[in-house]
Every structure is written in C-alpha cells, then in structure tokens.
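Close look at the chain arrangement
Single-letter residue listing:
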Amino acid sequence: MKQDSDLRNNLKSIRTRLGMSQQDLANIASVTRQTISGVESGLYAPSVAITLRLAKALGCQVEDLFWLERDLPEIEAILAKPIPNGQQLRVSMARVGGQWIAYPLIGKDAFRQDMIPADGESTSQTGTNKVRVRLLDDNLDTLHNTVVIAGCAPVISLWARATERWHPQLRVQYNFANSMAALHSLCRGEAHIAGMHLYDPETGEYNTPFVRDVLAGREAVLITLGVWEEGLLLKSGNPMGIKTVTDLVAGGGTIVNREIGSGSRMLLEQTLQKEQIPFDAVQGFDNILKSHQDVAQAVGLGIADAGMSTASVATAFGLGFIPLHQSRYDLVILKEYLEEAPVQQLLSTLGHRMVHSQFEIIGGYDISKIGEVVATV
C-alpha cells in the first residue's frame, strides 16, 4: 500500500535503539526485509495486521510507531527574539498573559549543559514578530503549565528542578538574561517572572527604582530569593595577592567584564568610581562575557586575572574570592500573573525545605528572608 503523505513513523529509531537490523525485525514480525525498508523510508503504509506485529515485535504501542502529521496542533505565537527570515527553527513554548510565546532555541539559548528539548518547530513567519509553530506533540497541558523565568542567578535552575520534583505537572522554563534584560522581557510579556540584583546608590534601594522606571505604572510585586555575596573572582590561591580592585589595577592585572544591564557590571563600575579609578585604566574592561559561568571559566583558565561574580560561583569553580558587596536578588512578578495556578505552585515552594537545602549547600547565600514580599510597585 502506498504511503499516506500525512503518515509518519518512528520505526527506524526504535529498531536501532534496540540493536536490531532490518532483517532481525523482519524475522520477528514475520514480514520481509523489503517491507521494513519501505515503511522506514515512507514508501509503504503497512496494513493493520503488519502494524500490530511490528509493535509487538518492538515491545511498544502502535501510537509510538505511527502518527498522522495533521494530528499535531499548529498555533500562532509571538517571537521572544528575531530569527533569520524564513528559517525553520526549534522553539520552546509557553503561555504568558493570554498569549503564546515562542522562544527560539538557537546558539547558547539551545543549551544549558545539554541540549534543551524543543516543543515545536517554526514553519513560517506571519509578521515581523509572529510565527506559525508546529508542535511536536499534542500535550497542550504541559505548555499551559509552564512558568517562564528570565534571570541570571544560577540558583534559579536549582529552584526550578526542586519545584518540578514536588509538582510533576509543572514545568519551569529558565531563560538566561541579565537583570535589565530580564526586566524588559517581563515588560514585553515574554516571562512571568524576572530575576534581578541591581543596587541604586542614590536611594540605597535594591531593584525597586529600576522596576518602577521600566514598568512605568504597571503593578508588580518583588519577592526576595535571597542575599548573595558579590565580589572579585580570582585565580585559586590568589597568586597576585589582590585585596581590592585598586590592587588589581596597580598590579597590571586583567579583568573580564559583563554586558551593560547586568548587576555584576554595575557593581564593578560603582566600585571603580568609589576607588576613583577610570574605566579605561582597567585592562580588559571592554572584554565582555555574558554569564557568571563564562566569567568563572575565563578566570579559571587564566584568560583573565579577575572577574566580578558571586561567592557561590567562586566555590563551584574552585576560585578565590574577595567580597565587595551584598546584593539582594529579587523576583519581579506582575500582579496579573500572581493568581495563575502554575505561578502560585512555583512560589509556594520557596518555603519548602527541599529548596532551602539546595541553596544552603552552595554557600554565599543568605535565605533567611526567602519568599518575603519586599516591595510593591
């Protein structure tokens, strides 16, 4: 029977995963090797009897082997960032503020340590910032139960994984972004929660002045995730004997910096101003990296003598650390999202011992006020 153009199959991947050749499977299922080859290549649609024999031979359900392409939903979504015109890309999906948002899985956004699974594939652009997405399965409940957090704190992923263990039906999507980028992502409706750690020396406040400025009248709450130590990451053993940024500059040491909008860059600039050191006097000031992990790797590999990050990152990478400042890391949530069940489930775990223990053992975090509402705007 000629293959139905909408019929797709997973026969080859399941067969090879089980270590079977086409002939092995043909023998067990009592069909010819040509039949197996024809099905796998899409040239032949098997009868009901052959389909059942193949499923039995592979120890799986018929639905695991065959599906109709037209059965998979296709929805329109707003792109969280531009993509090359007409290019088909893997995307992850979430429902934010009553709209579908598509997050392109491209470049570093496609990985944490391993590759991030996709929810769908973009099929066509329908406008400057909209795209048609063909979902890879029909489990819309998972997408509806996804909470999106934009931020840069490594502990967010610890919180997310602990929460998913406690609420298996909940999915937490962590999009890496510096503090200001996360806040703007929240404002654009691309995230439910923005994480940030910015200090305003004029008011002595953390985060709130920046939230008021960017959200411009929209109502939000700030819930603290903890207070972390920020400072200089140094090579293990501190071979240059550095105690201050002035020591680093005087000794001709090099630094790696973070991008504009990050709390680490802001702290470096404020420290240099306090110690009356011009930015251009610091070797490597314009050498920009995009994450705490990248800074730690650069110092650990000897690419730079120092970089600004946190005590917990220094511990994780076995680096030296000079504390300069304690910064409060807050979660900014629009009030319109607070009553959504997935968001409530996520926030409810901030008081759970399973989350606290993950934060405590990495060091450099004070979580005595975790989960407290510290401001409303």
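Look above for the structure.
Reading guide: rules and limits
- Residues numbered from 1 in each chain as written.
- Predicted model: local features only at pLDDT ≥ 70, side-chain atom pairs only at ≥ 80, totals over all residues.
- Heavy atoms only, no water.
- Helix = DSSP H or I, 4+ residues; strand = E, 2+ residues; numbered from the N terminus.
- Buried < 20%, exposed > 50% of the residue type's maximum accessible area, 1.4 Å probe, protein only.
- Areas by Shrake-Rupley, 256 points an atom, 1.4 Å probe, with all protein chains shown as cover.
- Lys, Arg positive; Asp, Glu negative; His and termini not counted.
- Charge placed at Lys NZ, Arg CZ, Asp CG, Glu CD.
- 1 Å grid on protein atoms, 1.4 Å probe; cavity = no way out; pocket = protein on both sides within 12 Å on 5 of 7 lines; lining within 4 Å.
- Points joined across faces, edges and corners; volume = space filled by probe spheres on them.
- Nonpolar A, V, L, I, M, F, W, Y, C, P; charged D, E, K, R; others polar.
- Pairing = 2+ DSSP bridges.
- Axes fitted to C-alpha atoms, helices over the stretch in contact; angles between N-to-C directions.
- Salt bridge = Lys/Arg side-chain N within 4 Å of Asp/Glu carboxyl O.
- Core = buried A, V, L, I, M, F, W, Y, C linked by side-chain atoms within 4.5 Å.
- Polar contact = N/O pair within 3.5 Å; in protein donor to acceptor, adjacent residues only side chain to side chain.
- Parallel < 35°, antiparallel > 145°, perpendicular 65-115°, else oblique.
- Left-handed = near helix turned anticlockwise from the far one by under 90°.
- Contact = heavy atoms within 4.5 Å.
- Phe/Tyr/Trp six-rings, centres within 6.5 Å; stacked < 30°, edge-to-face > 60°.

We now examine the overall build of the chain. A tally of helices and strands in the chain yields 15 helices and 19 strands. Counting over 377 residues, the chain shows a buried share of 49%. When the accessible surface of the chain is totalled, it reaches about 17,900 Å², and 51% of it is carbon and sulfur. Positive and negative charge centroids in the chain, built from 33 and 41 side chains respectively, lie 6 Å apart.

Taken as a whole, the second largest pocket encloses approximately 190 Å³ of empty space. For the second largest pocket, the full set of lining residues is Tyr199, Pro201, Leu267, Gln270, Thr271, Lys274, Glu275, Leu324 and His325. Where the lining of the second largest pocket is concerned, the elements lending two or more residues are α11 (263-274) and β17 (320-334). At four residues, the largest contribution of residues to the lining of the second largest pocket is made by α11. Its residues assigned to classes, the lining of the second largest pocket shows four nonpolar, three polar and two charged.

Spatially, the five strands close up into a barrel ordered β3-β5-β4-β6-β7, and their pairing is mixed. Neighbour to neighbour, the strand axes of the sheet diverge by 55 degrees on average, direction disregarded. With two bridges joining them, strand β3 (residues 74-79) and strand β5 (residues 99-104) adopt parallel strand pairing. Bridge pairing links leucine 79 to alanine 102 in β5.

All chains considered together, the criterion is met by eleven salt bridges. Salt-bridge contacts for glutamate 190 lead to arginine 188; the nearest nitrogen and oxygen are separated by 2.9 Å. Where arginine 353 meets glutamate 360, a salt bridge forms, and the shortest distance between an N and an O atom there is 3.2 Å. Since its relative accessible area comes to 53%, arginine 353 is described here as exposed.

On to the pairing of strand β13 (residues 220-234). Of all 15 residues making up β13, 13 are buried, and the element is well covered by its neighbours. Two elements, β13 and β17, share 14 bridges in a ladder whose sense is antiparallel. Among the inter-strand pairings, leucine 222 is bridged to a residue of β17, identified as valine 332. Bridge count for β13 against strand β19 (residues 373-376) is three bridges, and the pairing is antiparallel. Bridge pairing in β19 links leucine 222 to alanine 375. In this sheet, strand β18 (residues 365-366) lies alongside β13 in antiparallel orientation, the contact comprising two bridges. Along β18, the bridge assignment pairs tryptophan 228 with tyrosine 365.

What follows covers empty space enclosed by the protein. Per the stated rule, a full pass over the model turns up three cavities of 30 Å³ or more. Considering only enclosed or pocket space, the largest cavity measures out at about 60 Å³ in volume. If you trace the largest cavity, you find it lined by His197, Leu198, Tyr199, Glu230, Gly263, Met266, Leu267, Gln270, His325 and Ser327. When contributions to the lining of the largest cavity are tallied by element, the ones reaching two or more residues are α11 and β17.

Moving on to the nonpolar core. Counting 57 residues, the largest nonpolar core has Trp159, Leu183, Leu225, Val332, Leu346, Leu350 and Phe359 as the members making the most contacts within it. At six residues, the largest contribution of residues to this core is made by β13. Within the second largest apolar cluster, 19 residues are counted, among which are Leu11, Leu54, Leu58 and Phe66.

Let's shift gears to the side chain of histidine 197. Inspection of the secondary structure assignment puts histidine 197 in the loop between β10 (193-196) and β11 (199-200). For histidine 197, a relative accessible area of 2% puts it in the buried group. There is a polar contact of 3.0 Å between the side chain of histidine 197 and the side chain of glutamate 230.

Between helix α7 (residues 155-166) and helix α15 (residues 353-362), whose axes approach to 9 Å, the crossing angle comes to 155 degrees. It follows that α7 is roughly antiparallel to α15 by the angle criterion. As for how α7 packs across α15, the hand of that crossing is right-handed. The residues of α15 that touch α7, namely those facing Val155, Leu158, Trp159, Ala162, Arg165 and Trp166, are Met354, Val355, Gln358, Phe359 and Ile362. Looking at side-chain class alone, the contact of α7 with α15 contains nine nonpolar, one polar and one charged residues.

Looking now at the packing of aromatic side chains. Applying the stated criterion across every chain yields a total of five aromatic pairs. With a centroid separation of 5.9 Å and 50 degrees between ring planes, the pair formed by phenylalanine 359 and tyrosine 365 is classed as tilted. As far as the burial class goes, phenylalanine 359 and tyrosine 365 line up, both buried. Three or more aromatic residues joined by ring pairs form one cluster here, namely Trp228, Tyr329, Phe359 and Tyr365.

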